Amino acid sequence: MSFKKMKTVLTIAGSDSSGGAGIQADIKTMIANGVYGMSAVTALTAQNTTGVRGIMEVSPEFLKLQLDAVFEDIFPDAVKIGMLSGKGIVRAAADRLEYYCAERIVLDPVMISTSGSKLMDDAAVEAVISSLAPLADIITPNIPEAEVLSGMKIITHRDMEKAGAYIGEKCRCAVLVKGGHNVNDADDLLYENGGFEWIESRRIDNKNTHGTGCTLSSAIASNLAKGYSIAESVRLAKEYISGALSAMLDLGRGNGPLNHGYNIK
C-alpha cells in the first residue's frame, strides 16, 4: 500500500501503561488493519492486567490543542473515541469534532474497565449523551455500558434489542451492543436505521481479553476509513478480534492483552 494513499484514523482516548488497551491498543490495531493511526491523549492511566491504580486527566484546553494540531495537518478519514473521564474533556472533544466537521466517528463509551474499575463519572456520562453521541456514526457499548445508557437491565437477546433501539433513537446513530459479557455466547447486536442485525461469533476460551472494546472500536474505525459500510466494518472488525483472541497471547498476572499483531508477518 502506498503511504501517500494510506487512510488515516485518529483515536481520542486514554493511555494504558501496560499497552493492552487505550491508545496503545488503538494504534496497534490501526497498523494491523492497514491505516495510519494518530492520537489525542485524554488521560494517563497507571494500570496493568490486574487493574487501574490511578488516572491523570489532561486539561480540556490541552486536548483541544492536540486535536487542532491533528486536524490542521493530517485530517483523519475516521475518528475513534475512547476514554473521556470528565465532563470538560467530553465537551472539548465534541467542540473540536463539530468545528472540523469530522466524519466516520466511532464512539466507544468507556465507562468501566474490563477489571471492573469505573473510568467515567456521572456528569461525563450525561455530557457524552448530550453533546458527543449526536456526532457519532456508531456507538459500541458493552452490556454494562448499554445498561447505563438505556437505564434497562439486560439479560436476554430481546433485552439487547430493546436497549439498542432505545440508545439508537436517543443518540440518533447506529449502535453495536456487544454481547461478550453474556455467559452463553459472544453475539453482538447491530441496530442501524431502525433495523437489527445479529452478528454471531463463537466464544473463544481465552481469559485474556484486556482491551477488547478498544480494539474492536478501532478496527471498526479503520474499516470505515477504508470505505466500508457500518455493517461490513463491524463484521470485519469482529473477524479481526477473533483472530487476535485465537492467537492466545498470555502476558501478565491478570486479565491479559490480545495479540494485536497476529496477522502481521
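Preceding this section is the structure that the text describes.
Small disclaimer: the values here were computed from a predicted structure and weren't measured. All residue numbers refer to positions counted from 1 along the written sequence of the respective chain. Where local features are concerned, this predicted model is filtered to residues with pLDDT of at least 70; where side-chain atom pairs are given and counted, the filter is 80 or more; whole-chain, interface and lining totals use all residues. Note: side-chain values were computed over all heavy atoms of the structure, leaving out hydrogens and water.

A. How the structure looks around the overall build of the chain. Counting its secondary structure elements, the chain contains eight helices and nine strands. Relative to a compact globule of 265 residues, whose C-alpha radius of gyration would be 18 Å, the chain shows 17 Å and is just as compact. Each of the three principal axes of the chain carries a C-alpha extent, and together these read 45 × 45 × 40 Å. Accessible area is worked out with a 1.4 Å probe on protein chains only. A residue is then buried under 20% of its type maximum, exposed over 50%, and partly exposed in between. Here the chain holds 265 residues, and 55% of them are scored as buried. Relative to all contacts within the chain whose residues are 6 or more apart in sequence, the contacts with residues 24 or more apart total 69%. Counting rule applied: Lys, Arg positive; Asp, Glu negative; His and chain ends not counted. Taken as the charge centre is NZ of Lys, CZ of Arg, CG of Asp or CD of Glu, depending on the residue. The chain carries 26 positive and 31 negative side-chain charges, and their two centres are separated by 3 Å. Working definition: helices are DSSP H or I runs of at least four residues, strands are E runs of at least two. Numbering for both runs from the N terminus. Based on C-alpha atoms, the radius of gyration is set beside the globule rule, defined as 2.2 Å times the residue count to the power 0.38. Any two residues having at least one pair of non-hydrogen atoms within 4.5 Å are treated as being in contact.

B. Here's a closer look at the pairing of strand 9 (residues 195-199). In terms of strand pairing, strand 8 (residues 188-192) meets strand 9 through five bridges, oriented antiparallel. Bridged to Glu192 within strand 9 is Gly195. Paired strands, in this sense, are two strands between which DSSP finds at least two bridges. Between strand 8 and strand 9, which pair antiparallel and follow one another directly, the connecting turn spans two residues, one of which, Asn193, has a positive phi of 55 degrees.

C. The nonpolar core, seen in detail. Only buried residues count toward a nonpolar core, which is a set of Ala, Val, Leu, Ile, Met, Phe, Trp, Tyr and Cys residues joined through side-chain atoms within 4.5 Å. Counting 47 residues, the largest nonpolar core has Leu10, Ile12, Leu63, Val79, Ile81 and Leu97 as its most contacted members. When near neighbours in sequence (up to four residues on either side) are disregarded, Val79 contacts Leu10, Ile12, Phe71, Leu97, Ala102, Glu103, Arg104, Ile105, Val106 and Ala221. Among the nonpolar cores identified, the runner-up in size contains 27 residues, and Met30, Ala78, Ile199 and Ile220 belong to it.

D. Up close: the pattern of salt bridges. Any carboxyl oxygen of Asp or Glu within 4 Å of a side-chain nitrogen of Lys or Arg constitutes a salt bridge here. The tally for this structure, following the rule as stated, stands at twelve salt bridges. As a salt-bridge pair, Glu147 and Lys153 come within 3.8 Å of each other at their nearest N and O atoms. On the basis of relative accessibility, which here comes to 60%, the residue Lys153 falls in the exposed class. Taken together, the shared-partner salt bridges in this structure form one network comprising Lys64, Asp68, Asp95 and Arg96.

E. Molecular detail of the side chain of Ser150. Of note, Ser150 is situated in helix 5 (residues 143-150). The buried category is assigned to Ser150, whose relative accessible area is 9%. Those residues in contact with Ser150 that lie beyond four places of it in its chain are Ala163, Tyr166 and Ile167.

F. Structural detail: the state of the cysteines. For the purposes of this analysis, a disulfide is any pair of cysteine sulfur atoms at a distance within 2.5 Å. Applying the stated rule across the entire model yields zero disulfides. Cysteine Cys171 is unpaired, with the sulfur of Cys173 as its nearest cysteine sulfur at 5.3 Å. Judged by relative accessible area, Cys171 falls into the buried class, the value being 3%.

G. Seen up close, the packing of aromatic side chains. We call Phe, Tyr and Trp rings a pair once their centres come within 6.5 Å, taking the six-membered ring for Trp, and we label the pair stacked below 30 degrees between planes, edge-to-face above 60, and tilted otherwise. As enumerated under the stated definition, the model contains five aromatic pairs in all. By the ring-pair criterion, three or more aromatic residues cluster together here, those being Phe71, Phe75, Tyr99 and Tyr100.

H. Representation of helix 7 (residues 212-225). Working rule for helices: expected span equals 1.5 Å times residues minus one. Between its first and last C-alpha atoms helix 7 spans 20 Å; for 14 residues at 1.5 Å apiece the expected length is 20 Å, and the two agree. When you tally the buried positions in helix 7, you get 13 out of 14 residues, the bulk of the element. Directly after helix 7, the chain includes Gly227, whose backbone phi takes a positive value near 100 degrees.

I. Up close: the packing of helix 2 (residues 60-71) against helix 3 (residues 87-99). Axis lines are fitted through C-alpha atoms, for helices just across the contact stretch, and the angle between N-to-C directions can take any value from 0 to 180 degrees. At a closest axis distance of 9 Å, the pairing of helix 2 and helix 3 adopts a crossing angle of 25 degrees. The pairing of helix 2 with helix 3 is recorded here as roughly parallel in orientation. The interaxial crossing formed by helix 2 with helix 3 has right-handed handedness. Here Pro60, Leu63, Lys64, Leu67, Asp68 and Phe71 of helix 2 lie close against helix 3, whose contacting residues are Gly88, Ile89, Ala92, Ala93, Asp95, Arg96 and Leu97. Here the residues of the contact of helix 2 with helix 3 sort into eight nonpolar, one polar and four charged. Between 65 and 115 degrees an angle is taken as roughly perpendicular, under 35 as roughly parallel, over 145 as roughly antiparallel, and anywhere else as oblique. A crossing counts as left-handed when the near helix is turned anticlockwise from the far one by less than a right angle, and as right-handed when that turn is clockwise. Note on residue categories: nonpolar means Ala, Val, Leu, Ile, Met, Phe, Trp, Tyr, Cys or Pro, charged means Asp, Glu, Lys or Arg, and polar means any other residue, Gly included.

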